[in-house]
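# Structural characterization, general
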Amino acid sequence: MIMESIIFPTVKGMAEEDYFSGSQEILHFFDLMSPPLLGVEGGGRGNAPLMSSSASVDCISQSGLGLKERNYLGLSDCSSVDSSGVSNVSEENKSNLNLKATELRLGLPGSRSPERDSDFILLSSDKLDEKQLFPLLPSKDGICSLMQKSIVSGNKRGFSDTMDGFSEKKCSVFAEGKWMFNATGSDSGTPQSVIEAKLAGNAGKNVILSNNSSGTQPTMKKEVPTRALQEGHNKMNGSNNNSSAPAAKAQVVGWPPIRSFRKNTLATTLKTNDEVDGKPVPGALFVKVSMDGAPYLRKVDLRTYSTYQELSSALEKMFMCFTIRQCGSQEAPGREMMGENKFKDLVHGSDYVLTFEDKDGDWMLVGDVPWEMFIESCKRLKIMKGSDAIGLAPRAMEKSKNQN
Amino acid sequence: MINYFPEEVLEQVFSFLTSHRDRNVVSLVCKSWYNVERFSRGKVFIGNCYAISPERLISRFPRVRSLTLKGKPHFADFNLVPRDWGGYVYPWIEAMAKGCTNLEELRLKRMSVSDESLQLIAKSFPNFKSLVLVSCEGFTTDGLAAVASNCRFLRELDLQENEVEDRRGQWLSCFPDSCTSLASLNFACLEGEVNLAALERLVARCRNLKSLRLNHAVTPDILQKILALAPQLVDLGAGSFVHDPESEIYNKLKNVMQKCSSIRSLSGFLDVNARCLPAIYPICTNLTSLNLSYAPGIYNKELVKIIRKCKKLQCLWILDTIGDKGLSVVASTCKELQELRVFPSDRNGVGNAAITGEGLVAISAVTMQPLDEGFGAIVQSCKGLKRLSVSGLLTDQVFLYIGMYAEQLEMLSIAFAGNSDKGMMYVLNGCKKLKKLEIRDSPFGNKALLADTGKYETMQSLWMSSCKVTFGACKTLAEKMPRLNVEIINEGDEMEGGPDDRQSVEKMYLYRTLVGPRKDAPDSVWTL
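Thresholds, definitions, all that
- Residues numbered from 1 in each chain as written.
- Chains lettered and ligands numbered in written order.
- Predicted model: local features only at pLDDT ≥ 70, side-chain atom pairs only at ≥ 80, totals over all residues.
- Heavy atoms only, no water.
- Helix = DSSP H or I, 4+ residues; strand = E, 2+ residues; numbered from the N terminus.
- Contact = heavy atoms within 4.5 Å.
- Areas by Shrake-Rupley, 256 points an atom, 1.4 Å probe, with all protein chains shown as cover.
- Buried < 20%, exposed > 50% of the residue type's maximum accessible area, 1.4 Å probe, protein only.
- Phe/Tyr/Trp six-rings, centres within 6.5 Å; stacked < 30°, edge-to-face > 60°.
- pLDDT = per-residue confidence, 0-100.
- Salt bridge = Lys/Arg side-chain N within 4 Å of Asp/Glu carboxyl O.
- Arc of directions from axis to C-beta.
- Core = buried A, V, L, I, M, F, W, Y, C linked by side-chain atoms within 4.5 Å.
- Domains from an automatic or database assignment.
- Pairing = 2+ DSSP bridges.
- Axes fitted to C-alpha atoms, helices over the stretch in contact; angles between N-to-C directions.
- Polar contact = N/O pair within 3.5 Å; in protein donor to acceptor, adjacent residues only side chain to side chain.
- Right-handed = clockwise from strand over helix to strand, strands pointing away.
- Parallel < 35°, antiparallel > 145°, perpendicular 65-115°, else oblique.
- Left-handed = near helix turned anticlockwise from the far one by under 90°.
- Patch = residues over 30% accessible without salt bridge, like charges linked within 9 Å, V, L, I, M, F, W, Y side chains within 5 Å.

Another point: the overall build of chain A. Helix and strand counts for chain A stand at 14 helices and seven strands. Considering only contacts within chain A whose residues lie at least 6 apart along the sequence, 69% involve residues at least 24 apart. Of the roughly 19,100 Å² of accessible surface on chain A, a fraction of 54% belongs to carbon and sulfur atoms.

Right, let's get into the overall build of chain B. Within chain B one finds 19 helices and 21 strands. Across the 528 residues that make up chain B, the buried fraction comes to 63%. Considering only contacts in chain B between residues 6 or more positions apart, those separated by 24 or more positions represent 69%. Carbon together with sulfur atoms contributes 51% to the accessible area of chain B, which is approximately 19,300 Å² in total.

Bringing helix 19 (residues 471-480) of chain B into the picture now. Taken together, the buried positions of helix 19 of chain B are Phe471, Gly472, Ala473, Cys474, Leu477 and Ala478 of chain B. Looking at the buried positions of helix 19 of chain B, the neighbouring elements they touch are helix 18 (446-450), strand 19 (484-489), strand 20 (507-512) and strand 21 (525-527) of chain B.

Here we come to the packing of aromatic side chains. To describe a pair of aromatic rings, one takes the distance between the centres and the angle between the planes. With the rule as written, the count across this model stands at 19 aromatic pairs over all chains. An angle of 80 degrees between the planes, with centres 6.2 Å apart, marks the rings of Phe261 of chain A and Tyr294 of chain B as edge-to-face. Of this pair, Phe261 of chain A sits in helix 10 (residues 260-273) while Tyr294 of chain B is found in the loop between strand 12 (289-291) and helix 12 (300-309), placing the two residues in two different chains. What makes Phe261 of chain A buried here is its relative accessible area of 19%. Consider the rings of Tyr509 of chain B and Tyr511 of chain B, whose centres lie 5.4 Å apart with planes at 45 degrees: the pair is tilted. For Tyr509 of chain B, a relative accessible area of 3% corresponds to the buried category. Relative accessible area serves as the criterion here: at 0%, Tyr511 of chain B is assigned to the buried category.

Right, let's get into the confidence of the model for chain A. All names here are of chain A. For chain A, the average pLDDT comes to 49, and 21% of its residues sit at 70 or higher. Of the regions scoring below 50 in pLDDT, residues 103-253 engages in 304 contacts with residues more than four places distant in sequence or in other chains. Scored below 50 in pLDDT, residues 273-281 shows 19 contacts in the model against residues more than four places distant or in partner chains.

On to unusual backbone geometry, then. Residue and element names in this part refer to chain B. The phi angle at Glu161 is positive, at roughly 55 degrees, despite the residue not being glycine. Counting through the fold element by element, Glu161 comes out in the loop between strand 6 (156-160) and strand 7 (163-165). The phi dihedral of Phe269 is positive, around 60 degrees, even though this residue is not glycine. Along the chain, Phe269 falls in strand 11 (residues 265-272). We classify Phe269 as buried; its relative accessible area is 0%.

What follows deals with the environment of Gly430 of chain B. Position of Gly430 of chain B relative to the elements: it lies in helix 17 (residues 421-430). Taking the C-alpha atoms as reference points, Gly430 of chain B and Phe399 of chain B, separated by 31 residues in sequence, lie 9.2 Å from one another.

Our focus in this paragraph is the pattern of salt bridges. All names here are of chain B. Tallying each qualifying case throughout the model produces 21 salt bridges over all chains. A salt bridge links Glu37 to Arg23; the nearest nitrogen and oxygen atoms lie 2.8 Å apart. Within this pair, whereas Glu37 is found in helix 3 (residues 31-40), its partner Arg23 is found in helix 2 (residues 20-26), the two being separated by 14 residues in sequence. When its relative accessible area of 6% is taken as the criterion, Arg23 is described as buried.

This part covers helix 5 (residues 90-99) of chain B. Listing the buried residues of helix 5 of chain B in full gives Trp92, Ile93, Ala95 and Met96 of chain B. Relative to the axis of helix 5 of chain B, the buried residues are bounded by an arc of 165 degrees and lie together on one face.

Moving on, we come to the nonpolar core. All names here are of chain B. Membership of the largest hydrophobic core comes to 120 residues, with the highest contact counts inside it found for Phe241, Phe269 and Ile280. The element best represented in this core is helix 7 (residues 141-150), accounting for five residues. For this core, the domains that each give at least three residues are domain 2 (287-355) and domain 3 (370-528). Sequence-distant contacts of Ile280, defined by excluding residues within four places in its chain, comprise Phe241, Met257, Leu266, Phe269 and Ile306. One finds Val398, Leu400, Leu409 and Leu462 within the second-largest nonpolar core, a separate group that totals 53 residues.

The next point concerns the sheet that holds strand 21 of chain B. All names here are of chain B. In space, the seven strands of this open sheet follow the order 15-16-17-18-20-19-21, with mixed pairing throughout. Of all strands in the sheet, those bounded by a partner on one side alone are strand 15 (387-391) and strand 21. Pairs of neighbouring strands in the sheet enclose a mean axial angle of 10 degrees, with direction left out of account. Across five bridges, the pairing between strand 17 (residues 436-440) and strand 18 (residues 461-465) is parallel. Paired with Arg440 across the bridge in strand 18 is Ser465.

Residues and elements named next belong to chain A. Here we have five strands laid out as an open sheet, ordered 4-3-7-5-6, and mixed in their pairing. Here the strands that pair on one side only, and so sit at the sheet edges, are strand 4 (298-301) and strand 6 (363-365). Sheet twist, expressed as the mean angle between neighbouring strand axes with direction ignored, is 35 degrees.

Moving on: the pairing of strand 19 of chain B. Residue and element names in this part refer to chain B. Among the six residues in strand 19, six count as buried, and that is most of the element. Residues Leu484, Val486 and Ile488 of strand 19 are buried on one face, and the alternating residues Asn485, Glu487 and Ile489, pointing to the opposite face, are buried as well. With six bridges joining them, strand 19 and strand 20 adopt antiparallel strand pairing. Residue pairing across strands places Ile488 opposite Met508, the latter belonging to strand 20. Pairing of strand 19 with strand 21 involves three bridges; the strand directions are antiparallel.

Take the side chain of Ser66 of chain B next. Residue and element names in this part refer to chain B. Considering the arrangement of structural elements, one finds Ser66 in strand 2 (residues 66-70). The buried category is assigned to Ser66, whose relative accessible area is 4%. Only 2.9 Å separates the side chain of Ser66 from the side chain of Glu105, close enough to count as a polar contact. If near-sequence neighbours (up to four positions away) are discounted, Ser66 is found in contact with Gly42, Lys43, Val44, Leu103 and Glu105.

Residue and element names in this part refer to chain B. Along the chain, Glu200 falls in helix 8 (residues 196-205). Each C-alpha atom, one on Glu200 and one on Leu229, is 8.1 Å from the other, the two residues being 29 residues apart in sequence. Discounting residues that sit within four places of it in the chain, Glu200 has contacts with Ile222, Lys225, Ile226 and Leu229.

Okay, the side chain of Glu457 of chain B next. Residue and element names in this part refer to chain B. The residue Glu457 is located in the loop between helix 18 and strand 18 in this model. For Glu457, a relative accessible area of 15% gives the class buried. A polar contact is formed between the side chain of Glu457 and the side chain of Arg483, at a distance of 3.2 Å.

All names here are of chain B. Within strand 16 (residues 411-415), five of the five residues are buried, which leaves the element mostly enclosed by the surrounding structure. Neither face of strand 16 is exposed, since Met411, Ser413 and Ala415 on one face and Leu412 and Ile414 on the opposite face are all buried. The parallel pair strand 15 and strand 16 is bridged by helix 16 (residues 396-405), and the resulting crossover is right-handed. Handedness of the crossover joining strand 16 and strand 17 through helix 17: right-handed.

What follows covers the packing of helix 5 of chain B against helix 6 (residues 115-124) of chain B. Residue and element names in this part refer to chain B. The contact between helix 5 and helix 6 brings their axes to 9 Å, and the two run at 15 degrees. Classified by the angle their axes make, helix 5 and helix 6 are roughly parallel. Here helix 5 runs over helix 6; the crossing is left-handed. Only Glu116, Ser117, Leu120, Ile121 and Ser124 of helix 6 make contact with helix 5, whose side of the interface consists of Tyr90, Ile93, Glu94 and Ala97.

So, about a nonpolar patch on the surface. A contiguous nonpolar patch, built from Phe5, Val9 and Val13 of chain B and spanning about 250 Å² of accessible area, is present on the exposed surface. Overall, the relative accessible area of 35% leaves Val9 of chain B in the partly exposed class.

As structure tokens, this is what we get:
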């Protein structure tokens, strides 16, 4: 479920610029004037003289000074000298690996541009300090032209760690096309880096790229329709198990949220809308829909449909997942198609019969009366199994017999 | 060479700089530029009212004319922040009243505004022109009356989504007859009655009125009179749109609306009889902005009919009663659409069946796969993305993508997502322009919090609630970073003896500041 919307940059309303934002911008201004990379260790301090001209400004700029030092060097924010730092992380190189990953610029998913191959060629690996990071130079395709060094640093990561415990589902792979690694003199002591990429979905293939210090250039198999490089999530297994918990919680609590103001306003508005000229004119007509055997009910707005056919297809889509599971548990998995066929026509029923409860509390077959009359009297809906509906839907049973 | 530029010339050049960022940059070049800039800066934006004090603002920018202030954390919109948390505007008004009386514009968001503040504004700033309050609370219509009575040159009074106690007073009639300068009036969020005759007279004498948003107390018969008086309106928010479509009044409304050819933006319809809606069809063709998100009374068929006529629409806010089919009508009709927001119509936010979703949601629901790839694709393709909210079935992977690709991202909201500290660390490490990060109910803990404490000084604020951060880690962070205020919001009653360091913190809000811990925090908020 997506929160209200993804809010693209809009011009109107309050500007999101921050009072302090300027101090970050100034970094780029100076970046253009000076060599891109300076020394790493303690290099931050070395730049202080550059800033001294503005040292006389008040504290606002001085806090900006702090900001400048950080970004000016292209130091990762995670490498600030006073922070506990990534290196303190108990998981040694793995965390570095993952954090460095945020600096990578891989190709767009699904893009197969061959130029990218050259971008991936590694130059000779420098002695890379873990703290060194690279200013991200925007380039076409969003590929950082310095990324090759990042990959080299990947060599240090101990890719062997990525070999175990890869989950089947979670790995998603970005760059298609060829990956070529040419790492010479890797200083990690690991002569081989292995990038194991499993593909999302049911392909289940393992694509292994190995990187020899001799500089061979393996290529990634191209058959796979999907994507990129999995950056060593050795906790992916764990992630599988945890992922269901957040979703369940989300449903329970009612996130994505509505703002309280909106909630309150709509509450009042809905009340007043109900009486207009003495006739009720509700905006939406929500009724519960239950289905035998389903773990929870759904609600539909009858006003969004204008025919029985529309209602039937919508309910079909909504409840299809339950029938598939039922099929799957009893029969062989490849029979999902059966589930669809079973659902072909809820109203005229094959295995299921659609019924509704009217104002008098009686359970009626859906489809007998004109649509407008139906939505006025319908209080709730129920999808019954055909076998339960004997007596309730004689027509349905006849039809299904005829179809079968 | 720069030194030989006379300051007047510099000032003239700087007067073309309107963006805050440009001006901030310029002021860092040298001392002389800093001084010229600071005396010429008229508009100041402060994203967090506790990051700096009003006195320092005034001493640096003595000639500020327009001030924008934001107070409470964004999650206050969803009731996650206690009502008495803070964000009081009074100290700012007080300071400005002493040191900077040429204030003309005040824009406040999520602040606590008292009637005293409004009265002080009304008394202290002779040139006051514009008051915009968004999602604020704490004031009543008495405060509005003070502003209406005393601000002789008031051009704009814009109240958006505020909680206002309606004292059934006569605030509208407090606009003196001599007030003819109003160009924008928005009181849609007021719940009470207004003096309709006074409203008519006000509209009649304000010939520059361009934007008018009414509350539900303004009925169609008044609306048609107002529109007859103000055919120059560009932005209209209808209040109540309920009437007998057979009546004479409705006829008049239809006729007068046909003449309102300047209207480009339409909103409201807080109460609506759908059969009256055809009256707006003539103006649909020119609309660039349509907000029907507060109009649950318009159901699907009518919505679609309206949208089919709005071919020039650029901005559409709508309820999810529009349904999938309705959205495809939007797609095929509104070729110039730039912004689309779909709001849930069910009060509890639980989705109904109307929007089943192509796209991310549908895939996830059917396959039970995480939404990582979908959001990953979004942050990759939308290179200018500045703000993103994610929730749903999401693992650390999505945060890896966000860290890698969302280069321009400034604000990120996370709920019920992620698997481990890595998720948060990806974001903190990768999003260089990140300003605001707000997280709830996600498994991020101390390691992520403390991995890069320096990062928080580059950001405006961080909110974490129902995560795995402990009290001890927050204390460590606060000790290490004196220029951050680390606030623990504790609404329970565990105050006695102080919490254990190993205890999880329910709500933490930290932000950078130049002025140290604030003095107006309630008992439930501790600054470490």
